[in-house]
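Tertiary structure, described
Each chain, written out:
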Amino acid sequence: MFDLIVRNANLPDGRTGIDIGIEGDRIIAVERDLQAQAGEEIDATGRLVSPPFVDPHFHMDATLSLGLPRMNVSGTLLEGIALWGELRPIVTKEELVDRALRYCDLAVTQGLLFIRSHVDTSDARLVTVEAMIEVREKVAPYIDLQLVAFPQDGYYRSPGAIDALSRALDMGVDIVGGIPHFERTMGEGTASVEALCRIAADRGLPVDMHCDETDDPLSRHIETLAAQTIRFGLQGRVAGSHLTSMHSMDNYYVSKLIPLMAEARINVIPNPLINIMLQGRHDTYPKRRGMTRVRELMDAGLNVSFGHDCVMDPWYSMGSGDMLEVGHMAIHVAQMAGIDDKKKIFDALTVNSAKTMGLAGYGLEKGCNADLVILQASDTLEALRLKPNRLAVIRRGKVIARSAPRIGELFLNGRPARIDGGLDYAPRH
């Protein structure tokens, strides 16, 4: 007797007609024709059942603040940073908590149950840190929220940033962040990478740095990050986010850089929506795409995961909390349209991101946590194409969100009355 059985599921690895038996908060069985009963059964009807989506790079302290105190007229990264600098000194803890909780509500409906958020520590009040720690506690029953101490205005560049970051970690922030390319000089950027990795090693914490988020091919702090990762024995515990300068680097240098990153087991986090929006702004034509070398990094065996980064904030006026929207853009920007390519893109939204965040018990195998999402699509390729409704979102064996199927009605003689876009129009192989 199980508490819940999800029947007739298609899994991301290609298995079809699978039953998933859940007891308490764990998956107990994953097999065809599970001969058992349950207190509740859900028929997936040949639709995709996936582990929840994972966002390893987000800014929850800024989310849903679009238009405060004004709009980003140019749409550029630097104006967004300036805007946030205007809002940060006047924002209240209550506002921050309210916006973050509203975003988490949206995330749950999208099947997004794991988020790593960078928290700006540049304001000595650390109201952002206080707010996000409160949010982390409030959403713990349904979202795992990791927090990164992020010196947005520079670890050395901003007065008081060194002390503020240390206090944020003392308050319980999980991860050491940085932004070396925003320091005043390349030398100070290099020094910040070393100092921050040393702090992480001393405290036993992971590292996740905004690194080389620029079109400058000479912004090469990822090289320093990889070297310091090895120096301090942090292999596998360090993430380099964005890495957009790699798009502009010459191939010879990259042929040296990528093996160094692989040696350090760097986790790579591109942010396709934001990278393609904010980079290449000084170009006329040809205009650079601005996203890092996803295919080459994957081919070298590096763990690549995708972040949403921003939703309706000073840097990005769009976004929906839907990680499939992120993957959909990645397919286009990285030109990864093959079948195997798309499977890798889906992994970058799920299992790869879970590895980046160090999540225990993640997956759809026996013994894993009973966290899963039923999508209105037949497989991962269709999910990326359609960005379908999440028919059910399950957390630790309990349904915490549902969405009705997206059904179209037709009033045409001789044609179907109803269309299920998630199944009726999948390719007929």
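These numbers come from a predicted model, not from an experiment. (Residues numbered from 1 in each chain as written. Predicted model: local features only at pLDDT ≥ 70, side-chain atom pairs only at ≥ 80, totals over all residues. Heavy atoms only, no water.)

UniProt tags residues 40-400 as "domain: Amidohydrolase" (unreviewed entry). Measuring from the first to the last C-alpha atom of residues 40-400 gives 14 Å, for a span that is 39% helix and 18% strand. (UniProt positions renumbered as here; feature names shortened; annotations may be inferred. Helix = DSSP H or I, 4+ residues; strand = E, 2+ residues; numbered from the N terminus.)

As a further point, take the pattern of salt bridges. Throughout the structure, instances matching the rule amount to 28 salt bridges. Salt-bridge contacts for Lys344 lead to Asp299; the nearest nitrogen and oxygen are separated by 3.9 Å. Taken together, the residues span a long stretch of sequence, with Lys344 in helix H11 (residues 339-347) and Asp299 in helix H9 (residues 294-299) at a distance of 45 residues. Residue Asp299 is classed as exposed on the basis of its relative accessible area of 54%. One network of salt bridges, in which partners are shared, links Arg7, Asp19 and Glu41. (Salt bridge = Lys/Arg side-chain N within 4 Å of Asp/Glu carboxyl O. Buried < 20%, exposed > 50% of the residue type's maximum accessible area, 1.4 Å probe, protein only.)

Moving on: the environment of Ile407. On the secondary structure map, Ile407 appears in strand S16 (residues 407-409). The spatial distance from the C-alpha of Ile407 to the C-alpha of Val176 is 45 Å, given a sequence separation of 231 residues. Apart from residues lying up to four places away in sequence, Ile407 is in contact with Gln376, Arg418, Ile419 and Asp420. (Contact = heavy atoms within 4.5 Å.)

Turning to the nonpolar core, a few remarks are in order. In terms of nonpolar packing, the biggest core is built from 111 residues, with Met60, Leu225, Met261 and Ile266 touching the most fellow members. Shared between two domains, this core holds at least three residues of each, these being domain 1 (2-51 + 363-420) and domain 2 (53-357). Beyond its immediate sequence surroundings of up to four residues, Ile266 is in contact with Ile222, Leu225, Ala226, Thr229, Val238, Gly240, Met261, Leu302 and Asn303. Within the second largest apolar cluster, 20 residues are counted, among which are Ala9, Ile22, Val30 and Ile374. (Core = buried A, V, L, I, M, F, W, Y, C linked by side-chain atoms within 4.5 Å. Domains from an automatic or database assignment.)

Tracing the sequence through the fold places Ser158 in the loop between strand S7 (144-150) and helix H4 (161-171). With near-sequence residues (within four places) excluded, Ser158 lies in contact with Ser122 and Asp153.

Backbone hydrogen bonds hold the strands of a sheet together, and the pairing may be parallel or antiparallel. One open sheet accounts for eight strands, arranged S5-S6-S7-S8-S9-S10-S11-S12; its pairing is parallel. Looking at strand neighbours, the two that pair on one side only are strand S5 (53-58) and strand S12 (303-304), the edges of this open sheet. The sheet contact formed by strand S8 (residues 175-178) and strand S9 (residues 207-211) spans three bridges and is parallel. Counterpart to Gly177 in the pairing with S9 is Asp208. (Pairing = 2+ DSSP bridges.)

A few words now on the packing of aromatic side chains. How two aromatic rings sit relative to each other is given by the distance of their centres and the angle of their planes. With the rule as written, the count across this model stands at five aromatic pairs. Measuring from centroid to centroid gives 6.3 Å for Trp84 and Trp315, while their planes differ by 50 degrees, and the two rings are tilted. Of this pair, Trp84 sits in helix H1 (residues 77-87) while Trp315 sits in the loop between S12 and helix H10 (323-333), placing them 231 residues apart in sequence. By the burial criterion, Trp84 is buried, and Trp315 matches it. (Phe/Tyr/Trp six-rings, centres within 6.5 Å; stacked < 30°, edge-to-face > 60°.)

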